[in-house]
Amino acid sequence: MTAELVRGQNHPLPQTRLEIRISAGQPIVAGATLGDEQGTVRGAEWVAHPASPQLPGIEVSKQAAADHRLAVDLGALAESVHRVTVLLALPTGVGGPVRFGSLAAPFTAVTGLDGAEVASYTVTGLDAESAVVALELYRRQGVWKVRAVGQGYAGGLAAMLQDQGLPQAAELAAEINEAVARGMARSVAQPPPRPGDDGRVRTATAGGSSDPGPVPAPPQSPVPPQPPAAAGSGGPVDYQHPGRRTATPPTPPPAVPPAAPGRPAQPVAGDASGWTMDERLYNQVWGMFEDLARTAAAYRSAVDFADSRMEQELDRVLSDPRSRIGTAADTARTEARAKHTALVDQARAALDRDLAQLAAEAEVVEPALPPAYARWDGPVWHGYQAPMEIPMALRLGDLHLPERTDLRIPMLVRLPLERGLWIDAGRSGSVEGAMLDSGSLRTLASDTAVAIAARLLAVYPVGEFQLQVIDPAGSASASYAPLLESGALRAPMAGAQGVTATLAALTRRVDLVQMAVRSGAADALPPDLDTAEQLLIVHDFPHGFDDRAVTQLRYLADEGPSVGVHLMMVADREDAREYGPVLDPLWRSLLRLTPVADDHLADPWVGHAWTFEPSLVPAGSRVLWQVMGQVARAREAYGR
Amino acid sequence: MTVNMSKGQAISLQKADGGTLTAVRMGLGWQAAPRRGLFGSRTREIDLDASAVLFADQQPTDVVFFRHLVSDDGSVRHTGDNLVGGAGQGGDDEAILVDLQRVPVHINQIIFTVNSFTGQTFTEVQNAFCRLVDETNGQELARYTLTGGGQYTAQIMAKVQRVGNGWEMKAVGEPANGRTFQDLMPHILPHL
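S.K.: Pulling in residues and values, what's your account of the overall build of chain B?
M.R.: Of regular secondary structure, chain B possesses 1 helix and 11 strands. Traced from its N-terminal end to its C-terminal end, chain B shows the element sequence β-β-β-β-β-β-β-β-β-β-β-α. A separation threshold of at least 6 residues defines the contact pool for chain B, and within that pool the share at least 24 residues apart is 66%.

See below:
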């Protein structure tokens, strides 16, 4: 019968020869100190630790390990020993976690030599501690008992040994740490997750590329041991799909380092829930988006309140004929203004505190983003390789609020796209748009469209994404140079004559796939049908379109997204005004993006107006050429 | 430890160690109406709702209830509407979490209310209670037993207000009538 101890509880020990089992899920140091009747550790020779693992009656491991078995023979201890303290500590200086709060609660058990558990205790509630007294075996009136202690020390081993009265606590702690570090340096590193799964693992290297470049290595996170592959050796059948990760437990998120007292925790990239790093970063970015929206809401609401309160108070002064003039009125006015200033200052301080924290988070998150989420000037693009899996989301651009314009939130939309996109080439009232002539605005719109299309081509696995371009006036061809020259865009760009053919082909695809889906006969699709996701980009709409083509386009916009046909319009709504309100549903169904900064997007929580800026390739950068070249080469290599 | 509060009693939300309270939870629990079989059962479900109204001086600026689960600033969160109640074993069926450190600076009072959306009075609801919990350590700060509370459909439960740099809780415990917090507004105002 096992006794599950809670902190402070004790339990008699029936025998003197025991084993103490410890499991922590992560390599930790286990040791034991011997104490006299007063509980004092008389000297270094009373401590069993990795550098000196054996003492009369007790033996501990020589190195840090996730699982320990300490052998204890209470009968063999010296007469003067009245207490055995079992301690756990995190190895220092090896890049592992620095606080027990970031790993699973260590489990300890006292067992007999036959393995039967006498008592167990899970050391819970640890936080910033790096050393902990887990159990205590003590002699009381000739009988040995075990007590669950769970006393942690943020100061580590040195603080713990000091607390136990050891004179040379610091020296011994240093010796132990050194011995452990030496032992760990020799030991074989934990296997990387899914070795041989090249390019597929986005979890280990935050960028999804083999060369993470200057991406800060995520703090070492424990990797669950992979089940051994049953490689036809007569072992049990492995039912796991080799390319699917859903069945394996996710790697835990990176540990957050302990916060200095009184200061917010240091931000860490990937500090959100999710099964993969991809998902965690996505959730983190959306979390930052929400936090910024809400802290701005708090600030604006406070300022609005301060304004209206001051107005009321000033009105009151004015409306009172006795106090309208004279010093009383002046005092009241000054007071009202001072109250206003004080409240606004307070609100600003709270906002600044939050903004600083978000900015610090953005600083670590931005460099850790994989290509699909990264800016075009991000270094991760330089190590780009064709991916094996569709990412969760795509960055369309950046969002910011006027409260702090340099705090940019990546605007991530889920893939596959749920809505079509409309790159507005018109001068629809935005300040920046008004400063450009319509020609350069159109060029910018084309560049925006190409930047998004190229990103989609790059982040989809080889052959799973196709681009169709309708450019009746040929005005956008300059923007497509990187795609055309590298061979990443193979389908010829349709001119005015090709509009009908392109639309007809896509309409046929939508019809066939819809029929196949409805009747559950996916294998009945004709072999020439390309099942890749399709993005149709239409420039200069409605140039080259007749009524029938417009109808087809609306059909594609409505029915396409559910069967993998997406639409991107690069258009000025004014150009299509002769169609009147029949096109309104089309525009409304598309997500409007602007080629220049414009505050037309609302967040889903509070509804602030956010300024959107597209994610464009920096002027003069060759990154698009390089990436598109990689896409074309990967396609050749795969024969697609 | 349960503090059964009496009307008007004030508790400073200073902790024993001198630190101020940083997060509170208002919990509301009640026992679901008994089922009367499957077919043709006109079980009269009991739906109690917890709400929190945020005030800047005397002016309501935001409210968290079943149709607006998170205050715009994100400091007050409702965990979700429960339409039928629970087992009546003392667990919270609805909860509102308040992060006092994130409450905007101009908000100086938060009022917690309970309403019977389906109209039953507290005499008809079994095992109904509402309570305020220190979310950091789970300790109950105040508890009201609603069951047997008379022919009322609502209660203004408590208010949490800024005092100096910290917060203080004041038990109100005033019974009232109303379907949602809006009906209670006239009754709330005298308590500000």
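The discussion continues.
S.K.: Could you give me a rundown of the pairing of strand β8 (residues 83-89) of chain A, with the residues and numbers involved?
M.R.: Residues and elements named next belong to chain A. Among the 7 residues that make up β8, 7 are buried, leaving the element largely enclosed by the rest of the structure. Burial along β8 is two-sided: Arg83, Thr85, Leu87 and Ala89 facing one way and Val84, Val86 and Leu88 facing the other are all buried. Relative to β8, strand β3 (residues 17-35) runs antiparallel, the two being bridged by 7 bridges. Bridge pairing in β8 places Gly35 opposite Arg83. As paired elements, β8 and strand β11 (residues 131-140) share 7 bridges and run antiparallel to each other. Bridging from a neighbouring strand, Val84 pairs with Leu137 of β11.

S.K.: Describe the sheet that holds strand β19 (residues 590-593) of chain A, listing the residues and the values that go with them.
M.R.: All names here are of chain A. The strand order β16-β17-β18-β15-β19 describes an open sheet built from 5 strands, whose pairing is parallel. Of all strands in the sheet, those with a lone pairing partner are β16 (465-470) and β19, marking the two edges. Adjacent strand axes in the sheet meet at a mean angle of 20 degrees, parallel and antiparallel pairs treated alike. As paired elements, strand β17 (residues 533-539) and strand β18 (residues 565-571) share 6 bridges and run parallel to each other. If you follow Gln534 over to β18, its bridge partner there is Val565. Together, β16, β17 and β18 form the strand contacts of helix α8 (residues 498-519), whose direction differs from that of β16 by roughly 145 degrees. Packing against the sheet, helix α9 (residues 547-559) makes contact with β15 (420-424), β17, β18 and β19, and its axis sits at approximately 125 degrees to β18.

S.K.: Describe the packing of helix α6 (residues 438-459) of chain A against helix α11 (residues 623-638) of chain A, with residues and values.
M.R.: All names here are of chain A. Contact geometry for α6 and α11: axes closest at 10 Å, N-to-C directions at 40 degrees. Here α6 is positioned oblique relative to α11, judged by the angle of their axes. Note on packing geometry: the crossing formed by α6 with α11 is left-handed. Between α6, through Ala454, Leu457 and Ala458, and α11, the contact on the second element is made entirely by Leu624, Val627, Met628 and Val631. The residue makeup of the contact of α6 with α11, split by class, is 7 nonpolar, no polar and no charged.

S.K.: Give a description of the sheet that holds strand β14 (residues 404-414) of chain A that names residues and reports values.
M.R.: Residues and elements named next belong to chain A. The 4 strands lie next to each other as β14-β13-β21-β20, forming an open sheet whose pairing is antiparallel. The sheet is open, and its two borders are formed by β14 and β20 (598-602), each paired with just one other strand. Averaged over all pairs of adjacent strands, the angle between their axes in this sheet comes to 50 degrees, without regard to strand direction. Strand contacts of α6: β13 (393-401) and β21 (609-614), with the helix running at about 135 degrees to β13, the strand carrying the most contacts.

S.K.: If you had to explain the interface of chain A and chain B to someone new, which residues and values would you point to?
M.R.: Counting residues at the interface gives 12 residues for chain A, matched by 8 residues for chain B. For the side of chain A that touches chain B, the secondary structure elements donating two or more residues are α3 (277-319) and α4 (327-368) of chain A.

S.K.: Break down the environment of A:Gly629 for me, with residues and values.
M.R.: All names here are of chain A. Examined against the element boundaries, Gly629 turns out to sit in helix α11. In this structure Gly629 comes out as partly exposed when scored by C-beta crowding, with 17 C-beta atoms within 10 Å. For the pair Gly629 and Gly487, spaced 142 residues apart in sequence, the C-alpha separation works out to 7.3 Å.

S.K.: Help me get a handle on the nonpolar core, residues and values and all.
M.R.: Residues A:Ile423, A:Ala453, A:Ala454, A:Leu457, A:Ile537, A:Val570 and B:Ala52 are the most contacted members of the largest nonpolar core, which totals 153 residues. For this core, the leading source of residues is α3(A), giving 16 residues. Residues from two domains meet in this core; each of domain 2 (267-397 + 406-415) and domain 3 (418-591) of chain A gives at least three. Dropping the residues within four chain positions of it, A:Ala454 is found in contact with A:Pro482, A:Leu483, A:Leu624, A:Val627 and A:Met628. Ranked by size, the runner-up nonpolar core spans 59 residues in total, among them A:Val29, A:Ile58, A:Leu70 and A:Met160.

S.K.: Residue-level account of the packing of α3(A) against α4(A), with values.
M.R.: Residue and element names in this part refer to chain A. At their nearest, the axes of α3 and α4 sit 9 Å apart, and the two run at 175 degrees to each other. The angle between α3 and α4 falls in the class roughly antiparallel. For the contact of α3 with α4, the residue count by class is 24 nonpolar, 3 polar and 7 charged.

S.K.: Any details on helix α1 (residues 156-163) of chain A? Residues and values, ideally.
M.R.: All names here are of chain A. All buried positions along α1 are accounted for by Leu157, Ala158, Met160 and Leu161. Projection of α1 onto a plane perpendicular to its axis shows the buried side chains occupying an angular sector of 165 degrees, all on one side. At the exit of α1 stands Gly165, carrying a positive phi of roughly 85 degrees.

S.K.: I'd like a description of the environment of A:Phe305, backed by residues and values.
M.R.: With respect to the helices and strands, A:Phe305 occurs in helix α3. Its 22 C-beta neighbours within 10 Å are what place A:Phe305 among the buried residues. Sequence separation between A:Phe305 and A:Val344 is 39 residues, and the spatial gap between their C-alpha atoms is 9.3 Å. Among all residues touching A:Phe305, those that are not within four sequence positions of it are B:Ala56, B:Thr61 and B:His106.

S.K.: Run through unusual backbone geometry, naming residues and quoting values.
M.R.: All names here are of chain A. Cis geometry marks the peptide bond from Leu415 to Pro416, where omega comes out at -10 degrees. With respect to the element layout, Pro416 can be found in the loop between β14 and β15. With an omega dihedral of 5 degrees, the bond running from Phe541 to Pro542 counts as a cis peptide bond. Secondary-structure assignment places Pro542 in the loop between β17 and α9. Positive phi outside glycine occurs at Gln141, with the angle close to 50 degrees. Turning to its location among the elements, Gln141 is positioned in the loop between β11 and β12 (143-153). Gln141 gets classed as exposed once you count the C-beta atoms within 10 Å, which come to 5. Within the chain, Asp540 stands out as a residue other than glycine whose phi angle is a positive 55 degrees. Secondary-structure assignment places Asp540 in the loop between β17 and α9.

S.K.: Describe the confidence of the model for chain A, and please don't skip the residues or the numbers.
M.R.: Residues and elements named next belong to chain A. Mean pLDDT over chain A stands at 81; residues scoring 70 or higher make up 84%. Mean pLDDT values for the elements of chain A range from 63 in helix α5 (residues 431-434) up to 94 in β13. In this model, residues 187-235 is a region of pLDDT below 50 whose contacts with residues beyond four sequence positions or in other chains number 82 contacts.

Rules used throughout
- Residues numbered from 1 in each chain as written.
- Chains lettered and ligands numbered in written order.
- Predicted model: local features only at pLDDT ≥ 70, side-chain atom pairs only at ≥ 80, totals over all residues.
- Helix = DSSP H or I, 4+ residues; strand = E, 2+ residues; numbered from the N terminus.
- Contact = placed C-beta atoms within 7 Å.
- Buried ≥ 20, exposed ≤ 12 C-beta atoms within 10 Å, placed from the backbone.
- Pairing = 2+ DSSP bridges.
- Axes fitted to C-alpha atoms, helices over the stretch in contact; angles between N-to-C directions.
- Parallel < 35°, antiparallel > 145°, perpendicular 65-115°, else oblique.
- Left-handed = near helix turned anticlockwise from the far one by under 90°.
- Nonpolar A, V, L, I, M, F, W, Y, C, P; charged D, E, K, R; others polar.
- Core = buried A, V, L, I, M, F, W, Y, C linked by C-beta atoms within 7 Å.
- Domains from an automatic or database assignment.
- Arc of directions from axis to C-beta.
- pLDDT = per-residue confidence, 0-100.

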